[in-house]
Amino acid sequence: MLRGRLDKAIALYASQAEPRLLMVPTGGQGHDEQEPEGVSMARYLGEQGIPASQILIEDRAKDTVENLDFSNALVRERQPEGQLWLVTSDYHAPRAALASRQMGLEARAFGGKTAAYYRPSAFLRECVAIARDQLKLMILLALPFAAGLAGMIFLATRAGF
(Lines give C-alpha, C1' and ligand atoms only; values in the text may rest on other atoms or scores of the structure.)
Protein backbone atom coordinates (compact mmCIF):
# COMPACT_ATOMS: atom_id res chain seq x y z
CA MET A 1 0.00 0.00 0.00
CA LEU A 2 2.86 2.37 0.68
CA ARG A 3 4.11 1.93 -2.86
CA GLY A 4 0.73 2.98 -4.34
CA ARG A 5 0.85 6.22 -2.34
CA LEU A 6 4.47 6.89 -3.16
CA ASP A 7 4.07 6.21 -6.87
CA LYS A 8 1.15 8.66 -6.95
CA ALA A 9 3.31 11.26 -5.17
CA ILE A 10 6.17 10.70 -7.62
CA ALA A 11 3.78 11.15 -10.57
CA LEU A 12 2.51 14.43 -9.08
CA TYR A 13 6.08 15.54 -8.43
CA ALA A 14 7.07 14.79 -12.02
CA SER A 15 4.08 16.71 -13.37
CA GLN A 16 5.17 19.98 -11.76
CA ALA A 17 7.51 22.56 -13.24
CA GLU A 18 10.24 24.19 -11.18
CA PRO A 19 10.31 24.84 -8.32
CA ARG A 20 9.66 21.25 -7.44
CA LEU A 21 7.35 20.17 -4.67
CA LEU A 22 8.68 19.30 -1.26
CA MET A 23 8.00 15.67 -0.45
CA VAL A 24 7.17 14.79 3.16
CA PRO A 25 7.01 11.06 3.75
CA THR A 26 5.29 10.81 7.10
CA GLY A 27 4.72 8.17 9.69
CA GLY A 28 6.11 6.91 12.95
CA GLN A 29 7.32 3.47 13.87
CA GLY A 30 4.83 0.79 14.80
CA HIS A 31 5.67 -1.92 17.32
CA ASP A 32 6.15 -4.45 14.51
CA GLU A 33 8.18 -2.22 12.17
CA GLN A 34 11.96 -2.07 11.84
CA GLU A 35 11.98 1.67 11.23
CA PRO A 36 9.50 4.56 11.00
CA GLU A 37 7.32 4.61 7.89
CA GLY A 38 8.57 8.09 7.02
CA VAL A 39 12.16 6.81 6.82
CA SER A 40 11.21 3.80 4.67
CA MET A 41 9.19 5.98 2.32
CA ALA A 42 12.02 8.54 2.03
CA ARG A 43 14.40 5.78 1.01
CA TYR A 44 12.00 4.65 -1.73
CA LEU A 45 11.59 8.23 -2.98
CA GLY A 46 15.37 8.60 -3.17
CA GLU A 47 15.69 5.31 -5.04
CA GLN A 48 13.16 6.63 -7.56
CA GLY A 49 15.23 9.74 -8.25
CA ILE A 50 13.72 12.34 -5.91
CA PRO A 51 16.61 14.55 -4.71
CA ALA A 52 17.31 14.40 -0.97
CA SER A 53 17.00 18.21 -0.87
CA GLN A 54 13.29 17.85 -1.75
CA ILE A 55 12.53 15.24 0.93
CA LEU A 56 11.59 16.28 4.46
CA ILE A 57 11.19 13.20 6.67
CA GLU A 58 8.51 13.19 9.35
CA ASP A 59 8.99 10.13 11.55
CA ARG A 60 6.93 10.73 14.71
CA ALA A 61 3.26 10.75 13.65
CA LYS A 62 0.98 8.03 14.96
CA ASP A 63 -2.28 9.05 13.20
CA THR A 64 -3.72 11.22 10.44
CA VAL A 65 -3.97 14.40 12.53
CA GLU A 66 -0.37 14.10 13.67
CA ASN A 67 0.72 13.37 10.07
CA LEU A 68 -0.93 16.60 8.97
CA ASP A 69 0.26 18.69 11.90
CA PHE A 70 3.90 17.56 11.89
CA SER A 71 4.19 17.60 8.08
CA ASN A 72 2.66 21.06 7.83
CA ALA A 73 5.19 22.36 10.38
CA LEU A 74 8.11 20.89 8.38
CA VAL A 75 6.88 22.38 5.11
CA ARG A 76 6.16 25.81 6.63
CA GLU A 77 9.76 26.10 7.83
CA ARG A 78 10.81 26.16 4.16
CA GLN A 79 7.64 27.46 2.48
CA PRO A 80 5.49 29.69 4.69
CA GLU A 81 2.75 29.99 2.05
CA GLY A 82 1.01 27.70 -0.37
CA GLN A 83 -1.29 24.74 -0.64
CA LEU A 84 -0.36 21.35 0.74
CA TRP A 85 -0.91 18.30 -1.41
CA LEU A 86 -1.81 15.26 0.64
CA VAL A 87 -1.06 11.95 -1.01
CA THR A 88 -2.44 8.92 0.72
CA SER A 89 -4.28 5.74 -0.17
CA ASP A 90 -7.40 6.29 -2.27
CA TYR A 91 -9.69 5.01 0.45
CA HIS A 92 -8.13 7.38 3.02
CA ALA A 93 -8.08 10.58 0.92
CA PRO A 94 -11.59 11.80 1.88
CA ARG A 95 -10.88 11.51 5.61
CA ALA A 96 -7.47 13.14 5.25
CA ALA A 97 -9.12 16.03 3.36
CA LEU A 98 -11.78 16.41 6.08
CA ALA A 99 -9.14 16.40 8.82
CA SER A 100 -7.04 19.02 7.02
CA ARG A 101 -10.05 21.31 6.65
CA GLN A 102 -10.91 20.93 10.33
CA MET A 103 -7.33 21.93 11.15
CA GLY A 104 -7.62 25.01 8.92
CA LEU A 105 -5.01 23.83 6.44
CA GLU A 106 -5.16 24.80 2.80
CA ALA A 107 -4.78 21.33 1.31
CA ARG A 108 -5.81 19.10 -1.55
CA ALA A 109 -5.95 15.32 -1.17
CA PHE A 110 -4.92 12.76 -3.77
CA GLY A 111 -5.35 9.00 -3.53
CA GLY A 112 -2.88 6.39 -4.64
CA LYS A 113 -3.98 3.01 -5.93
CA THR A 114 -4.94 0.33 -3.41
CA ALA A 115 -5.06 -3.39 -4.14
CA ALA A 116 -8.59 -4.52 -5.03
CA TYR A 117 -8.75 -7.21 -2.36
CA TYR A 118 -8.10 -4.63 0.38
CA ARG A 119 -10.46 -1.89 -0.79
CA PRO A 120 -13.84 -3.09 0.58
CA SER A 121 -12.66 -3.46 4.18
CA ALA A 122 -10.56 -0.30 3.96
CA PHE A 123 -13.46 1.82 2.69
CA LEU A 124 -15.73 0.40 5.40
CA ARG A 125 -13.15 1.20 8.08
CA GLU A 126 -12.84 4.75 6.75
CA CYS A 127 -16.63 5.25 6.81
CA VAL A 128 -16.70 4.20 10.46
CA ALA A 129 -13.75 6.49 11.22
CA ILE A 130 -15.42 9.45 9.51
CA ALA A 131 -18.61 8.83 11.48
CA ARG A 132 -16.53 8.66 14.68
CA ASP A 133 -14.59 11.82 13.84
CA GLN A 134 -17.76 13.66 12.80
CA LEU A 135 -20.02 12.38 15.60
CA LYS A 136 -21.72 15.73 16.22
CA LEU A 137 -22.50 16.12 12.52
CA MET A 138 -23.80 12.55 12.30
CA ILE A 139 -26.13 13.16 15.26
CA LEU A 140 -27.33 16.42 13.72
CA LEU A 141 -28.04 14.68 10.41
CA ALA A 142 -29.86 11.83 12.18
CA LEU A 143 -32.18 14.14 14.15
CA PRO A 144 -34.70 14.77 11.35
CA PHE A 145 -34.88 11.04 10.62
CA ALA A 146 -35.35 10.24 14.33
CA ALA A 147 -38.05 12.93 14.66
CA GLY A 148 -39.90 11.57 11.62
CA LEU A 149 -39.68 8.03 12.93
CA ALA A 150 -40.93 9.10 16.37
CA GLY A 151 -43.82 10.96 14.69
CA MET A 152 -44.80 7.91 12.67
CA ILE A 153 -44.71 5.69 15.76
CA PHE A 154 -46.81 8.22 17.65
CA LEU A 155 -49.39 8.41 14.87
CA ALA A 156 -49.46 4.62 14.49
CA THR A 157 -50.12 4.13 18.21
CA ARG A 158 -52.85 6.80 18.17
CA ALA A 159 -54.48 5.06 15.21
CA GLY A 160 -54.53 1.77 17.08
CA PHE A 161 -51.81 -0.16 15.22
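Residues numbered from 1 in each chain as written. Predicted model: local features only at pLDDT ≥ 70, side-chain atom pairs only at ≥ 80, totals over all residues. Heavy atoms only, no water.

1. Remarks on the environment of Gly4
Within the element layout of this structure, Gly4 appears in helix α1 (residues 2–15). Residue classification places Gly4 among the buried positions, given a relative accessible area of 19%. For the pair formed by Gly4 and Ala115, sequence separation is 111 residues and the distance between their alpha carbons is 8.6 Å. Discounting residues that sit within four places of it in the chain, Gly4 has contacts with Gly112 and Lys113. (Helix = DSSP H or I, 4+ residues; strand = E, 2+ residues; numbered from the N terminus. Buried < 20%, exposed > 50% of the residue type's maximum accessible area, 1.4 Å probe, protein only. Contact = heavy atoms within 4.5 Å.)

2. Considering the side chain of Ser100
By the secondary structure assignment, Ser100 is in helix α4 (residues 93–102). Of note is the side chain of Ser100, whose polar atom sits 2.8 Å from the backbone oxygen of Ala97. Discounting chain neighbours no more than four positions away, the residues touching Ser100 are Leu68, Leu86, Leu105 and Ala107. (Polar contact = N/O pair within 3.5 Å; in protein donor to acceptor, adjacent residues only side chain to side chain.)

3. As for the pairing of strand β1 (residues 84–89)
As defined by bridge partners, β1 adjoins strand β2 (residues 107–112) across six bridges and the pair is classed as parallel. What sits directly across from Ser89, in β2, is Gly112. The parallel pair β1 and β2 is bridged by α4, and the resulting crossover is right-handed. (Pairing = 2+ DSSP bridges. Right-handed = clockwise from strand over helix to strand, strands pointing away.)

Interpretation note: all reported values are geometric properties and have no functional meaning in isolation.
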